[in-house]
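Residue-level listing of the chains:
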Amino acid sequence: MGNGTGHAVGGVPNRYAGTYQITYRDEADNLLSQSDLEIEPYDGWVDLTWSSGGEVLFRGVGTETAAGLIAGFRRVAD
């Protein structure tokens, strides 16, 4: 679908768990989307939920490693 960047604001220092405001831009710096990301720890994993305006857009799971957070996610069906 192309390349771009995501910028996260929020969360808790030195932890992935928390609430973030995410802005995604394409390679030409055009705004693609803005959403909230909630990362919640759960039994050795983290649950990820992207939402906007109270609507859940994506759900995922991840795990923390020495290299960072590894995650997979999918769009929530309409």
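What counts, and at which threshold
- Residues numbered from 1 in each chain as written.
- Predicted model: local features only at pLDDT ≥ 70, side-chain atom pairs only at ≥ 80, totals over all residues.
- Heavy atoms only, no water.
- Pairing = 2+ DSSP bridges.
- Helix = DSSP H or I, 4+ residues; strand = E, 2+ residues; numbered from the N terminus.
- Salt bridge = Lys/Arg side-chain N within 4 Å of Asp/Glu carboxyl O.
- Buried < 20%, exposed > 50% of the residue type's maximum accessible area, 1.4 Å probe, protein only.

1. So, the pairing of strand S6 (residues 68-75)
And then number 1: Sheet topology places strand S5 (residues 55-65) next to S6; eight bridges connect them, and they run antiparallel. Opposite Thr65, over in S6, you have Gly68 as the bridge partner.
And then number 2: The antiparallel hairpin formed by S5 and S6 contains two residues in its connecting segment.

2. As for the pattern of salt bridges
And then number 1: Considering all chains together, one arrives at one salt bridge under this definition.
And then number 2: In this structure, Arg25 engages Asp29 in a salt bridge whose closest nitrogen and oxygen atoms are separated by 3.9 Å.
And then number 3: Here Arg25 falls in the partly exposed class, since its relative accessible area comes to 30%.

3. A look at unusual backbone geometry
And then number 1: Backbone geometry at Asn14 places phi at a positive 65°, although glycine is not the residue there.
And then number 2: Its place among the elements puts Asn14 in the loop between strand S1 (4-10) and strand S2 (18-26).
And then number 3: A positive phi angle is found at Asp43, which is not glycine, with a value near 50°.
And then number 4: Within the secondary structure, Asp43 is located in the loop between strand S3 (31-42) and strand S4 (45-52).
And then number 5: Owing to a relative accessible area of 69%, Asp43 belongs among the exposed residues under this scheme.

4. Quick word on the pairing of S4
And then number 1: In this sheet, S4 lies alongside S3 in antiparallel orientation, the contact comprising seven bridges. Looking at S4, one finds that Tyr42 is bridged to Trp45.
And then number 2: Linking S3 to S4, which pair antiparallel, is a turn of two residues; within it Asp43 sits at a positive phi near 50°.
And then number 3: Here S4 hands over to S5 after two residues, with Gly53 in that stretch at a positive phi of 60°.

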